[in-house]
Amino acid sequence: MFTQVSGWPRIGAGRALKFATESWLRGEIDEATLQAKAASLRLNAWNGMKAAGIDRIPSQDFSFYDGMLDTAIRFSAVPARFRIAGASRLETAFAMARGTPERAPLPMKKWFITNYHYIVPELDGDTELRLAESPEEAFSGWLEARAAGIDTVPTFIGPWTFLSLSRYGDGLGPSSFADGAARAWAELIAAAARLGVPEIRFEEPALTLDTGESENALFVRIWERLLAARSGVRITAGFPFGDIRDSWDAVAALPFDGIALDFVDGARNLDLLRERGFPADRELGVGLVNGRNVRKNRQDDSVALLREIARRTGAPLGVETSCSLLHVPLSLAEETELDAPVREGLAFASEKLGELVSVARKAENPLQSSLGEGDKGADGFRAPGSEYMNETVPFRSPSRSERRAIQAARFKLPPLPLTTIGSFPQSAEVRALRSRLRSAQIDRSDYDREIFGLIRDCVLYQERLGLDVLVHGEFERNDMVEFFAESLAGFAFTRHGWVQSYGTRCVKPPVVSGDVRRARSLTADLAVRAQSLTDKPVKGMLTGPATILAWSFPREDISLAESAFQIARALREEVLELERRGIAIIQIDEAALREKMPARKADRHAYLAWAIPAFRLCHASVRPETQIHTHMCYSDFTEIIHDIDDMDADVITFEAARSAESLAETLAREGFETAVGPGVWDIHSPRVPSTEELTERILAMVRVPGADSGWIDRLWVNPDCGLKTRGWAETRASLENLVAATLAAREALASAGKGAPGGRP
Ligand code: GLN
Ligand code: ZN
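Residues numbered from 1 in each chain as written. Chains lettered and ligands numbered in written order. Predicted model: local features only at pLDDT ≥ 70, side-chain atom pairs only at ≥ 80, totals over all residues. Heavy atoms only, no water.

Peer 1: Would you mind showing me how to read the coordination of the zinc ion (ligand 2) here?
Peer 2: Note on metal geometry: ideal angles are 109.5 degrees for four donors arranged tetrahedrally and 90 or 180 degrees for six donors arranged octahedrally. The coordination sphere of the zinc ion (ligand 2) contains the protein donors His631 (NE2), Cys633 (SG) and Cys721 (SG), at a distance range of 2.1 to 2.2 Å. Viewed at the metal, the 4 donor atoms of the zinc ion (ligand 2) are separated by angles of 81 to 122 degrees, and the geometry they form is irregular. Positions of the donor residues of the zinc ion (ligand 2), expressed as sequence spacing, correspond to H-x1-C-x87-C. Of this pair, His631 sits in strand 19 (residues 627-632) while Cys721 sits in the loop between helix 27 (691-702) and helix 28 (728-751), and the two are 90 residues apart along the sequence. The class for His631 is buried, based on a relative accessible area of 2%. (Donors = N, O, S within 2.8 Å, 3.2 Å for Na, K, Ca; no water. Tetrahedral: all angles 85-135°; square planar, octahedral: opposite > 155°, others 65-115°. Helix = DSSP H or I, 4+ residues; strand = E, 2+ residues; numbered from the N terminus. Buried < 20%, exposed > 50% of the residue type's maximum accessible area, 1.4 Å probe, protein only.)

Written out as structure tokens, the structure reads:
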């Protein structure tokens, strides 16, 4: 039984690659120095895997920025605007990823179910896919490792995944490039044959998305050609991040030398294997050590799973991580400050190597344990009955429409009430305060006083400006999840647990370490003080359970649903304290709720069945006159409009500045009941929108076709996300224009006569 890893964290200990790359970007070191640093990190990684006893060690998985980006460059898919004379390959990559003063960067998207982002390649009429590298360049990592005496398996992104994630010029799509991709990837395989590379692995996670007949057919067409052209090179394929329910038979029929399946996020693969079998002459890599979470593997379950698979298939088996280890931190060794019981339960990338080897040895040894009968291995990873929770979380009473009348009488807001999403610019001043506190240059009480000064200025500023519902500005929070994780019981923090998010940006997610409880008040004192500055309502500001979980490392011994409910109960206590202490409007952000929705349609119900009730639980018992807001960083939720209504919030604001009108139209047509603030100012760019432009957008929302008579009373005006990343100058200018635009829109409405939206008869 072999052990295999398909990818390794690139950033190195102490985020060495990030700092080296940033020095290069600033011109402090030259490219050769940066390359030498990267080479030493790769060598370290290979040596570590070899010493741990891993049989198949990956090479070519390294990247300075992103693997999809490198794949685009490798296969000549560099958009015309980035073919820059005299630029090195690395310079081209960074120009594509970050843009240059004259060139807009390629977009970035979430990589499957991880919190990693890839660069989206652009394929247009101008693109001709072909290998743009010599064999020595294409397999430089493999050669480098071999020179150091280490055999590796070059691991690349497969053609189907590349094609399915790319963006296309008009009238083009994956099928336009299928033959080109088959030719280009065949050139890569030919290059391997020329160098004597014995085996290549291709990652094809796109098959874990919903895959229709025509997509399966394309996958097969490309791979039949590639496998026919393998000229002695062994070819294996990996399918991380889910199951391959739509293409099991197609994959099994292709003559790959081996395939690797995910039995963690793709627990359903086990059912498929039981139902449909697996060819006995094909190697099967069993991905059973979780590559994107940090919990210790339950080795008895893993051994049981392997034994069942062995019994059913007779295929030669390998033990793998469920996906590349890119998505977990490097090593627990330096986490000396974690509580021992917490540390005991964790495994980072380095520790997972030991798990692979240990599971393989145990599974090979028939005397090792009495296990081997049951199916209990995979079942342990599944979430129990979330349906049940759906029924038990009540909706608020009275209903939303009755509450609307009660709240209208309480707040007496003008039509098209104006608010913001929560944070105001986190200027250098705020960051300096935080670092002075960290380095003990100021003490906690000085820090708190300074922060409150910023809050006061911010509240008074909004009042002067003429906003209707104010916020305190979130200056005390560095991050919307970390802030809550730090204050709730049940979270642990690592010191070096960095994971790449995109490019040189890394995040250090909190670890859910136990049952989550509210050990103390989280936000209420500051909220009350901020409210005391003004007669206008200041929103209490919380982060919701789905978002806190989405950006943490969750537990595996209980379901996500159960953790979400624990967090929701803790937040409910906070909500009730805020209400008791006079906070009239409370916003519970679910920035990540939509983003974390499973890509497969059939799996969405199970997710929404806990995410939505968990949100409801946070506020289900507040009084009718308390107004609950939520915010979501996503606009594309047309498919789940009624689920969003079931969050039972009174008001939702969302990120829609680029599509506010079309979304408003859908919401109006579908009878969306929650009051809505589709963001009219896109805060993701420093551009200041003009008053005219904003007025037009607001009026377009007001006048959407198909709206009911109450539509206009349910519309809010706001930016489309928090202002944390903006500067004060553009924030002031934009907010002034937003106020002027709202006043103009209100005037237009008043003169058109109240009642019918937009003055239509
Ligand atoms: N209230 C948060 C803020 O304004 C919401 C951030 C987000 O949606 N990502 O920063
Ligand atoms: Zn947002």
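Peer 1: I tried to follow the sheet that holds strand 2 (residues 57-59) on my own but got confused; where do I start?
Peer 2: Reading across the sheet, the 8 strands line up as 1-12-11-10-9-8-6-2 and stay open at both edges, with parallel pairing between neighbours. The outermost strands of the open sheet, each flanked by one partner alone, are strand 1 (2-4) and strand 2. The sheet shows a mean angle of 30 degrees between the axes of neighbouring strands, direction not considered. Relative to strand 6 (residues 152-157), strand 2 runs parallel, the two being bridged by 3 bridges. What sits directly across from Ser59, in strand 6, is Pro154. Against the sheet, helix 8 (residues 174-195) engages strand 6, strand 8 (199-203) and strand 9 (234-239), with an angle of about 155 degrees to strand 8. (Pairing = 2+ DSSP bridges. Axes fitted to C-alpha atoms, helices over the stretch in contact; angles between N-to-C directions. Contact = heavy atoms within 4.5 Å.)

Peer 1: I would appreciate a short explanation of helix 1 (residues 16-25) in the present structure.
Peer 2: Across the 10 residues that make up helix 1, a large majority, 7, are buried. Residues of helix 1 that are buried sit in contact with helix 2 (31-52), helix 4 (89-98) and strand 15 (505-507). Positive backbone phi, at 80 degrees, marks Gly27, one or two positions downstream of helix 1.

Peer 1: How do you make sense of the site of ligand 1 when you look at a structure like this?
Peer 2: With respect to spatial proximity, the complete set of residues near ligand 1 consists of Ile421, Gly422, Ser423, Glu474, Met480, Asp589, Ala591, His631, Cys633, Cys721 and Gly722. The backbone of Ile421 places a nitrogen or oxygen atom 3.2 Å from a nitrogen atom of ligand 1. A distance of 2.7 Å is found between an oxygen atom of ligand 1 and a side-chain nitrogen or oxygen belonging to Ser423. Calculation on ligand 1 without its partners gives an accessible area of 300 Å², and the protein chains cover 90% of this total. Its residues placed into classes, the shell around ligand 1 shows 5 nonpolar, 4 polar and 2 charged. (Near = heavy atom within 4 Å. Polar contact = N/O pair within 3.5 Å; in protein donor to acceptor, adjacent residues only side chain to side chain. Areas by Shrake-Rupley, 256 points an atom, 1.4 Å probe, with all protein chains shown as cover. Nonpolar A, V, L, I, M, F, W, Y, C, P; charged D, E, K, R; others polar.)

Peer 1: Would you explain the confidence of the model for the protein in this entry?
Peer 2: The predicted coordinates of low-pLDDT regions are not to be read in fine detail. Here the protein averages 93 in pLDDT, while 95% of its residues score no lower than 70. Across residues 370-388, confidence stays below pLDDT 50; counting only partners more than four residues off in sequence or on other chains, it has 27 contacts. Ignoring residues within four places in sequence, the model shows residues 755-761, a span with pLDDT below 50, making 10 contacts including any to other chains. (pLDDT = per-residue confidence, 0-100.)

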